[in-house]
Amino acid sequence: MTRKHEAAALAAPGIDAIRDAYLTGGSDAQRVAALIEIAGAAAALARTVARFRHVDRVELFELVSRRSDVLPVLGRGQWLPTMTYHVPAPGKRRIRGRSNTSTVPVPAVIQPELFADVDGAA
């Protein structure tokens, strides 16, 4: 297992919890507010660890699935309107190999589709 997959496996329980908050009841505004609370808390913790433990940004770029998220989370970049993408459930990712036909369970990573599986849409 690569270091990137290890990081994704470590994130999988959190992603499951966040997907539950996204998919469960409440108004759209309540769900967005809950996700903002989660994202804010996670980003604050990430900034704290990165600041006090002197984590190398280049190493972070190699460990995350979307490099464009690193700097905004660390407070050194800007969130852009294009930062909207699908977050699949952990363990459900298509692996592109030579055949392009196999689906292999792997830890969650972020893919650039929108939330197509919400509210019964396919």
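Here the structure is a predicted model, which means the values were calculated and not measured.

Another point: the overall build of the protein chain. Along the protein chain, the regular secondary structure elements total four helices and two strands. Each helix (α) and strand (β) of the protein chain, taken in turn from the N terminus, gives the series α-α-α-α-β-β. For the protein chain, the proportion of contacts with a sequence separation of at least 24, taken over those separated by at least 6, is 50%. When the accessible surface of the protein chain is summed, it comes to about 8800 Å², and 59% of that surface belongs to carbon and sulfur atoms.

The next subject is helix α1 (residues 3-23). When the terminal C-alpha atoms of α1 are compared, their 29 Å separation across 21 residues agrees well with the 30 Å that a helix rising 1.5 Å per residue should span. In the structure, α1 departs most strongly from a straight axis at A12, where the bend amounts to approximately 40 degrees and where the proline P13 lies between one and four residues downstream. Considered for burial, the residues of α1 that qualify are A8, A12, I15 and R19.

Tallying each qualifying case throughout the model produces zero aromatic pairs. The lysine or arginine in question, R31, covers the ring of Y22, its NZ or CZ lying 5.5 Å from the ring centre.

Side-chain pairs of opposite charge can arise where the charged atoms are in close proximity. By the definition in use, this model includes two salt bridges. Among the ionic pairs, R3 bridges to E59, the shortest N-O distance being 2.4 Å. Of this pair, R3 sits in helix α1 while E59 sits in helix α3 (residues 57-63), placing them 56 residues apart in sequence. A relative accessible area of 45% places R3 in the partly exposed class. For R31, the salt bridge is made with D28, and the minimal N-O distance between the two is 2.4 Å.

So, about helix α2 (residues 28-53). Its 26 residues give α2 an end-to-end C-alpha distance of 37 Å, which sits within 8% of 38 Å, the value for a rise of 1.5 Å per residue. Next to the buried residues of α2 lie α1 and α4 (70-73).

Procedures and definitions
Residues numbered from 1 in each chain as written. Predicted model: local features only at pLDDT ≥ 70, side-chain atom pairs only at ≥ 80, totals over all residues. Heavy atoms only, no water. Helix = DSSP H or I, 4+ residues; strand = E, 2+ residues; numbered from the N terminus. Contact = heavy atoms within 4.5 Å. Areas by Shrake-Rupley, 256 points an atom, 1.4 Å probe, with all protein chains shown as cover. Expected span 1.5 Å × (residues − 1). Bend = angle between axes of the 7 residues up to and from the residue. Buried < 20%, exposed > 50% of the residue type's maximum accessible area, 1.4 Å probe, protein only. Phe/Tyr/Trp six-rings, centres within 6.5 Å; stacked < 30°, edge-to-face > 60°. Lys NZ or Arg CZ within 6 Å of the ring centre and 35° of its normal. Salt bridge = Lys/Arg side-chain N within 4 Å of Asp/Glu carboxyl O.

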